[in-house]
Amino acid sequence: MNVDLDCQGMVCPLPVIKLAKALPTVAVGETVTVLADDPAAAVDIPAWCRMRSQELVEATGKSYVVRRVS
Amino acid sequence: MSERGYLDAASAEPLHPAAREMLLSAVDSGWADPVRLHHEGRTARLLLDNARAVLADAIGVRPDEVYLTTSGTTAIQAGLSAVRAARERVGRTVVHTAVEHSAVLHSAGDEGLEVGVDIRGRVDQEAFSDAVRRPGVAVAAVQSANHEVGTRQPIAAIAQACGDVPLFVDASASIGHDVVPEGWSVLAASGHKWGGPAGVGLLAVRKGTRIAPAWPMDEREDGLSPGFPDVPNALAAAAALQARLGEAEELNKQHRAWIDEVRRRVPADVPDVEVVGEPDDRLPHILTFSCLYVDGEALVTALDAEGFAVSSGSACTSSTLKPSHVLAAMGVLTHGNVRVSLSRETTYEDVDRFCQVLPGIVQRIRAEVGM
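Residues numbered from 1 in each chain as written. Chains lettered and ligands numbered in written order. Predicted model: local features only at pLDDT ≥ 70, side-chain atom pairs only at ≥ 80, totals over all residues. Heavy atoms only, no water.

Looking up chain B in an unreviewed UniProt entry gives the name Cysteine desulfurase, with the organism given as Kribbella pratensis. According to the UniProt record, the Cofactor (unreviewed entry) comment for chain B reads "pyridoxal 5'-phosphate". (UniProt positions renumbered as here; feature names shortened; annotations may be inferred.)

As recorded in an unreviewed UniProt entry, chain A goes by the name tRNA 2-thiouridine synthesizing protein A, listed as coming from Kribbella pratensis. Comment text from UniProt for chain A, heading Sequence similarities (unreviewed entry), reads "Belongs to the sulfur carrier protein TusA family."

Structure below.
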């Protein structure tokens, strides 16, 4: 299962906050796909995954797929 | 809040008292044109030579290797473009790290060849060595230490890797705060970062380095900085650097210890904080950290209201709404970012009170967004 999160038009740190709130709502192994066009998201979403030990499956354009691993 | 804690010395250091004193006397004695042969002109010339000699001594070069420009940025632009123009036959590529000051990135332009850094901001030396050996490289540009996160670059090793390619070192963040690196061909620095006035840049060009200013030249500064020189401000900048270096040992030790304390206390007292940059091999006076889920602009504003001046690399605090290219290149969190940089006037009380008020401010901003 995957949850989509449309964060287009939102600026830092909102997309990361939305992601942090959404990820615990999916089961371990499932994903959240964030759509974010804020340039800071390109750095901050991967950094959040590293800090939180979650898996960034894919980052293409403005789409970021994050898998809950814990 | 009347008590101010100025923690943004890396943007601008307050004018050193020695610079102020020198400036006040030099505006009365050093106003004439130093290239004229009359008494007033010779007096100005003497003062300008004096400033040059002091600056040269401070960075360990000969006076005739020092040029004075109108800012750190113009020193970078003049130095990089003059070296590049002199090597036009070899090529126009400027190899540079991804964390150089924007003045370097702008000068390199489309012909820049960027070399990445690790998560602490240190250049990838293997990639750098490969890049600098490519055909068409005019010059390599590597900063002595980073202006946002304080990480030093291994200039001696970089210089070795450069071989025949001239090495341009932007030392703006470190001069007056750290040892002057060795092995460069051209070095740039900025007076207001060491307690001199704004509007004074320093460009040192080692003898034997070919330069070809690529703009309309005049008789000033061998064409590297056209226009009437600001003798009083040059003297004041020289006085500031001389005085600062006299205090350096004690100040740098103090700053290093205080930054170590902030580095320890912030992540201990504030949850979800990422302190970035080299923990040890760094400038003594700079520390940068990012607070998860915090708006950088709100943080800077709240700290200002508590009496603290800090800067931030967060996108929302920049005019372009893009995050700091330094933090982005390191791959560290860019939002909720704060850079603390200590000046010679910073007290332990400033540092201690900053560490005390920060946790409450971060908690309040997070609470507003339900985190």
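Following the structure, the description resumes.
K.L.:
Explain the overall build of chain B to me, please; I cannot follow it from the model alone.
P.N.:
The secondary structure content of chain B amounts to ten helices and twelve strands. With the C-alpha coordinates aligned to their principal axes, the bounding extent of chain B is approximately 70 × 50 × 35 Å. Counting every position in chain B, which comprises 371 residues, the buried fraction comes to 57%. Summarising the internal contacts of chain B: among those between residues at least 6 apart in sequence, 70% fall at separations of at least 24. For chain B, the computed accessible surface area is about 15,100 Å², with 51% contributed by carbon and sulfur atoms. (Helix = DSSP H or I, 4+ residues; strand = E, 2+ residues; numbered from the N terminus. Buried < 20%, exposed > 50% of the residue type's maximum accessible area, 1.4 Å probe, protein only. Contact = heavy atoms within 4.5 Å. Areas by Shrake-Rupley, 256 points an atom, 1.4 Å probe, with all protein chains shown as cover.)

K.L.:
I tried to follow the packing of helix H1 (residues 14-22) of chain A against helix H2 (residues 41-52) of chain A on my own but got confused; where do I start?
P.N.:
When two helices pack together, their arrangement is given by the angle between their axes and by how far apart the axes lie. All names here are of chain A. Between H1 and H2, the least distance of the axes is 9 Å, while the angle of their chain directions is 35°. Between H1 and H2 lies a crossing of right-handed hand. Counted together, Val-16, Leu-19 and Ala-20 of H1 and Asp-44, Ile-45 and Trp-48 of H2 form the full contact between these two elements. A per-class count over the contact of H1 with H2 returns five nonpolar, no polar and one charged. (Axes fitted to C-alpha atoms, helices over the stretch in contact; angles between N-to-C directions. Left-handed = near helix turned anticlockwise from the far one by under 90°. Nonpolar A, V, L, I, M, F, W, Y, C, P; charged D, E, K, R; others polar.)

K.L.:
Help me understand the side chain of B:Arg339, please; the structure alone is not making it clear to me.
P.N.:
Residue and element names in this part refer to chain B. Assignment of secondary structure puts Arg-339 in strand S12 (residues 337-341). One polar contact links Arg-339 to Ser-11, side chain to side chain, over a distance of 2.9 Å. Setting aside its immediate chain neighbours within four residues, Arg-339 contacts Leu-7, Asp-8, Ala-10, Ser-11, His-147, Glu-148, Ile-286, Leu-287, Thr-288, Val-310 and Ser-311. (Polar contact = N/O pair within 3.5 Å; in protein donor to acceptor, adjacent residues only side chain to side chain.)

K.L.:
I would appreciate a short explanation of H1(A) in the present structure.
P.N.:
Since the α-helix advances by 3.6 residues per turn, residues separated by three or four positions end up pointing in the same direction. Residues A:Pro15, A:Val16, A:Ile17, A:Leu19, A:Ala20 and A:Ala22 constitute the buried set of H1(A). Along its buried surface, H1(A) packs onto strand S1 (2-6), strand S2 (31-35), H2 and strand S4 (63-67) of chain A.

K.L.:
How should I be thinking about the UniProt feature "domain: UPF0033" (unreviewed entry) in chain A in this particular structure?
P.N.:
What UniProt calls "domain: UPF0033" (unreviewed entry) maps, in this numbering, to residues 5-29 of chain A. Between the C-alpha atoms that bound residues 5-29 of chain A there is a distance of 17 Å. The span itself is 36% helix and 8% strand.

K.L.:
Even after reading the chapter, I still don't get the packing of aromatic side chains, so can you show me in this structure?
P.N.:
One pair of aromatic rings is described through two measures. These are the centre distance and the angle between the planes. Residues and elements named next belong to chain B. Applying the stated rule across the entire model yields three aromatic pairs over all chains. Look at Trp-258 and Tyr-348: their rings are 6.2 Å apart centre to centre, the planes differ by 55°, and that puts the pair in the tilted class. On the criterion of sequence distance, the pair formed by Trp-258 in helix H7 (residues 231-269) and Tyr-348 in helix H10 (residues 348-368) is long-range, its members being 90 residues apart. The class for Trp-258 is buried, based on a relative accessible area of 11%. An aromatic cluster is present here, built from Phe-289, Phe-308 and Phe-354 joined pairwise through their rings. Over the face of the ring belonging to Trp-184 we find Arg-206, whose NZ or CZ atom lies 4.9 Å from the ring centre. (Phe/Tyr/Trp six-rings, centres within 6.5 Å; stacked < 30°, edge-to-face > 60°. Lys NZ or Arg CZ within 6 Å of the ring centre and 35° of its normal.)

K.L.:
Could you clarify how one ought to interpret helix H3 (residues 72-86) of chain B in this entry?
P.N.:
Residue and element names in this part refer to chain B. The end-to-end C-alpha separation of H3 is 21 Å, in line with the 21 Å expected for 15 residues at 1.5 Å each. Within H3 the residues assigned to the buried category are Gly-72, Ala-75, Ile-76, Ala-78, Gly-79, Leu-80, Ala-82, Val-83, Arg-84 and Ala-86. Here H3 starts with a cap whose side-chain oxygen sits 3.3 Å from the backbone nitrogen of Thr-73, and that cap is Ser-71. (Expected span 1.5 Å × (residues − 1).)

K.L.:
I'm lost on the interface of chain A and chain B in this one. Help?
P.N.:
You'll often see interface size given as the accessible area lost when the parts meet. Facing 15 residues of chain A, the contacting portion of chain B comprises 22 residues. Taking both partners together, chain A and chain B bury about 1,500 Å²; carbon and sulfur atoms supply 69% of that area. Where chain A touches chain B, the interface holds two salt bridges. One salt bridge connects B:Asp272 with A:Arg52, and the closest N-O pair in it is separated by 2.6 Å. The interface formed by chain A and chain B holds seven residue pairs in polar contact (both at pLDDT 80 or more) in total. Taken together, the elements giving at least two residues each to the side of chain A that touches chain B come down to H1 and H2 of chain A. (Buried area = accessible area lost by both parts, 1.4 Å probe. Salt bridge = Lys/Arg side-chain N within 4 Å of Asp/Glu carboxyl O.)

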